[in-house]
Amino acid sequence: MAKVRDYAKLASDIKESIGEENIISAAHCATRLRLVLKKTPSAEVTKQISTMPAVIQVVEKGGQYQIVIGTHAKDVYEELSKILNIDESAQPQVKQNLFARVIATMSAVFAPFVYILAAAGLVQGCLIILTHFFPAFADTGTYSVLSFISWTPFTFLPVMIAVTASKHFKCNTYIAMWCCLALVNNDWAGIAARIAEGESIKFLIFNMAQTTYTSTVLPPLFLVLFLSYLEHFLEKHIPDTIRALAIPFICAVIMVPATILVIGPISDTVANGIAMAYNFLANNVPALAALLVGGIWQVFVIFGVHWAVTPMNIANFAANGCDSFQAFQTCAVIAQAAACFGVFIKTKKKDIKNISFSAGLTGIFGITEPAIYGVTLRLKKPFICGCIGGAVGAVIISFFHTMYYVYAGLPGLLTTVNAMSDENPQSFTGMMIGVLATIIITIVLVQIVGCDEKPAEQTASGAPVAPETATVSAATTSSVAHDTTVYAPLRGEIKPLTDVNDPTFSKGVLGQGAAIIPSEGKLYAPFDGEVASVFDTKHAIGLVDQYGTEVLIHIGLETVSLGGKYFTAKVKDGDTIKTGDLLIEFDLNAIRKDFDTITPVLVTNADDFSSIEPLKSSGPVEVGEPLLKAKQ
């Protein structure tokens, strides 16, 4: 059994490029070499590493310098350990600066329900269209029901934040929900209205402010943050016999008044202040605001800081009933989708055509990560073309005073109807002209400047290299001669790979396939074949069938940090497997308390096939159901 790469040389090259004295510690997961460094290497060094044989891309995430290698990350780690004498038991806690922690928190809190807000926005958009063409529809009961359905996620936004924030800050979800439900209780809205009318109402000896909390972001977020500290303090100091009742009682009677008296007014003022600063620029120099948002918004997406503007957007809608930022943002989003379609037209390479068309369609729905990581940023020039097209389109709509009058969870082509307004009829006209200009300019620019395509082994940072051939037995054929069916290895719910909250998986960097959210802690063999590699932490496994089809199954995200806890492997490297054999058992309930358990199932040598077709794209799935077809 021979390896196709010289991993000792690769490890040595990485060490020399980064500098041995710069490496604090190293670890690995199923696909990545994870380094904690004293100092981040220069862009030149990162580019040099990204072009080394077997390296797929280099990313910086969670305070780590992550070198994505694929299923042989373990081999590189072992070779690096030899020349660095790394102690595997030394796992220092990754520290993040304040800015990184803020962005990570925003992402963790909003990402789980952003599609709910997007769907609610689409309902509102449909109502806008219907009432525009059929005004009498607004007086019907059907309209009333659909209207309150569409507004419900925004009205009770603090409660959704309570759920996600409590998981992020690791406190009791139900206590957090109780506190946030109190903030949106109609009785508090009535008290706040009386205060707004001039009545002085006190809690104990303190005057209360008139702040209301429906559709707010920062007040419930900070409530849950401080709740986590209070709850953990109480857990250490309250006797076990009364803890179950005493903790929720104390938390509620402290945190809700504290939010109403202090946390709410201060955080609400901060969000409104940021919104006012942006509105000042947008009102006085709208073209400049449009140029900045339309031109560089997708750069914010690349660095994952785009969630930080959500409180400002929601504050704008709550205070003014409209927002120009999301209108400008729409041009930036559509531009990246248009850039993908421009690549589709320009390129002659079949694989790039397929990826660019798929990513472009996804971008129409406001999801640009596949477009950015899979196509435009990978090819460089199309990304720049998209930024230029988005900037020009946004500047055009600024001349029409275009606004969004309904919040869009995922601004894109479908949400342009949110710019409709009877009071501002030119808003939607400007939106359409700006969008059309964005699409035309971007596609034309891509045709002019080209795609900057490179051979797979020479792509720069972020571009996949030619996939490796897995280690297989001598009996294994060297070329794929048959279609392969990959059967579901887990019982659970199927999700498209794009739903995986990790770009290395969702953008197809490591291969094509699907994902499953497991409903039980058992992983079974998806075909007849051989175990290529069981990772030390047992959270991932590499398999290969008799025809050379390579599959990686990665149980959960970031579960490598468990160090094997909660996982029990039933097989070892080199074992022969039959479809349905039990491979790994894991404690699903324990793992999902702190980790996303979505499990990618990837064909890692997808380029050996003409296509990897999901046989079922969504819904429940049982072990042994056909999941993927790898077609020759």
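None of these values were measured; they are calculated from a predicted model. (Residues numbered from 1 in each chain as written. Predicted model: local features only at pLDDT ≥ 70, side-chain atom pairs only at ≥ 80, totals over all residues. Heavy atoms only, no water.)

Focus on the overall build of the protein chain
Counting its secondary structure elements, the protein chain contains 20 helices and 20 strands. Within the protein chain, the proportion of its 632 residues that are buried is 52%. Across the protein chain, every contact between residues at least 6 apart in sequence was considered, and the portion connecting residues at least 24 apart equals 73%. When the accessible surface of the protein chain is totalled, it reaches about 28200 Å², and 61% of it is carbon and sulfur. (Helix = DSSP H or I, 4+ residues; strand = E, 2+ residues; numbered from the N terminus. Buried < 20%, exposed > 50% of the residue type's maximum accessible area, 1.4 Å probe, protein only. Contact = heavy atoms within 4.5 Å. Areas by Shrake-Rupley, 256 points an atom, 1.4 Å probe, with all protein chains shown as cover.)

Considerations on the nonpolar core
Among the nonpolar cores identified, the biggest contains 67 residues, and Ile161, Val224, Tyr278, Phe328 and Met431 are the most heavily contacted of them. Here this core gets 11 residues from one element, more than from any other, and that element is helix H11 (residues 240-284). Core analysis: the second largest hydrophobic core is formed by 34 residues, Val486, Leu523, Leu583 and Ile612 among them. (Core = buried A, V, L, I, M, F, W, Y, C linked by side-chain atoms within 4.5 Å.)

Points about the environment of Gly294
By the secondary structure assignment, Gly294 is in helix H12 (residues 286-302). Residue classification places Gly294 among the buried residues on the basis of a relative accessible area of 2%. Separated by 38 residues in sequence, Gly294 and Ala332 place their C-alpha atoms 4.6 Å apart.

Brief notes about the packing of helix H6 (residues 141-155) against helix H7 (residues 157-169)
Two numbers describe a pair of packed helices, the interaxial angle and the distance between the axes. Two elements in contact, H6 and H7, have axes whose closest approach is 5 Å; the angle formed by their N-to-C orientations is 50°. Comparing their axes, H7 and H6 come out oblique. Side by side, H6 and H7 meet where Pro153, Phe154 and Thr155 of the first sit next to Leu157, Pro158 and Met160 of the second. Residue classes in the contact of H6 with H7 are distributed as five nonpolar, one polar and no charged. (Axes fitted to C-alpha atoms, helices over the stretch in contact; angles between N-to-C directions. Parallel < 35°, antiparallel > 145°, perpendicular 65-115°, else oblique. Nonpolar A, V, L, I, M, F, W, Y, C, P; charged D, E, K, R; others polar.)

Brief notes about the environment of Phe325
Checked against the element boundaries, Phe325 lands in helix H14 (residues 325-346). Residues Phe325 and Met403, 78 residues apart in the sequence, show an inter-C-alpha distance of 7.9 Å. When sequence neighbours within four positions are dropped, the list of residues in contact with Phe325 reads Tyr278, Val293, Trp297, Val309, Met312 and Asn313.

Remarks on the sheet that holds strand S7 (residues 484-487)
Spatial strand order, S7-S20-S18: three strands in an open sheet with antiparallel pairing. In this open sheet, the two strands that pair with only one neighbour each are S7 and strand S18 (611-614). Recorded for the sheet is a direction-independent mean angle of 20° between the axes of neighbouring strands. Relative to strand S20 (residues 626-631), S18 is paired through four bridges, and the arrangement is antiparallel. Paired with Glu613 across the bridge in S20 is Lys629. (Pairing = 2+ DSSP bridges.)

Considerations on a nonpolar patch on the surface
Together, Val285, Leu288, Leu291, Leu292, Ile296 and Phe300 make up a nonpolar patch on the protein surface, roughly 470 Å² of accessible area in all. Structurally, Leu288 is set in helix H12. For Leu288, a relative accessible area of 36% translates into the label partly exposed. (Patch = residues over 30% accessible without salt bridge, like charges linked within 9 Å, V, L, I, M, F, W, Y side chains within 5 Å. Salt bridge = Lys/Arg side-chain N within 4 Å of Asp/Glu carboxyl O.)

Considerations on the pattern of salt bridges
Applying the stated criterion across every chain, the model contains 13 salt bridges. In this structure, the salt-bridge partner of Lys616 is Glu625, at a minimum N-O distance of 3.4 Å. By relative accessible area, Lys616 is classed as partly exposed at 26%. One salt-bridge network, in which partners are shared between bridges, spans Lys15, Glu16 and Glu20.

Some details on the sheet that holds strand S16 (residues 582-586)
Across the sheet, which stays open at both edges, the three strands sit in the order S10-S16-S14 with antiparallel pairing between neighbours. Edge positions in the sheet fall to strand S10 (522-524) and strand S14 (567-569), since each of these pairs with one other strand and no more. Going from strand to strand, the sheet's axes swing by 20° on average, the running direction of each strand aside. Relative to S16, S14 is paired through three bridges, and the arrangement is antiparallel. Residue pairing for S16: Phe567 is matched across the bridge by Phe586.

Side note on the environment of Ser610
Structurally, Ser610 can be placed in the loop between strand S17 (599-603) and S18. Judged by relative accessible area, Ser610 falls into the partly exposed class, the value being 38%. Sequence separation between Ser610 and Asp483 is 127 residues; the distance between their C-alpha atoms is 9.8 Å. Beyond its immediate chain neighbours, meaning those up to four positions away, Ser610 contacts Lys631 and Gln632.

A word on the pairing of strand S2 (residues 32-37)
For S2, the tally of buried residues reaches six of six residues, placing the bulk of the element in the interior. Burial along S2 is two-sided: the face carrying Arg32, Arg34 and Val36 and the face carrying Leu33, Leu35 and Leu37 are both buried. Of the strand pairs in this sheet, strand S1 (residues 23-28) and S2 are connected by five bridges, and their pairing is antiparallel. Within the sheet, the bridge partner assigned to Ala27 lies in S2 and is Arg34. The pairing of S2 with strand S4 (residues 64-68) spans four bridges and is antiparallel. Note that in S4 the partner of Leu33 across the bridge is Ile67.

A look at the packing of aromatic side chains
For the structure on display, the rule yields eight aromatic pairs. Note on Phe317 and Tyr407: the rings are 5.7 Å apart at their centroids and 85° apart in plane angle, and the pair reads as edge-to-face. With Phe317 in helix H13 (residues 310-320) and Tyr407 in the loop between helix H17 (381-398) and helix H18 (426-449), this residue pair connects regions lying 90 residues apart in the sequence. Note on accessibility: Phe317 and Tyr407 belong to one class, buried. Joined through ring pairs, the aromatic side chains of Tyr278, Trp297 and Phe325 make up one cluster. The aromatic ring of Phe344 is capped on one face by Lys353, whose charged end is 4.6 Å from the ring centroid. (Phe/Tyr/Trp six-rings, centres within 6.5 Å; stacked < 30°, edge-to-face > 60°. Lys NZ or Arg CZ within 6 Å of the ring centre and 35° of its normal.)

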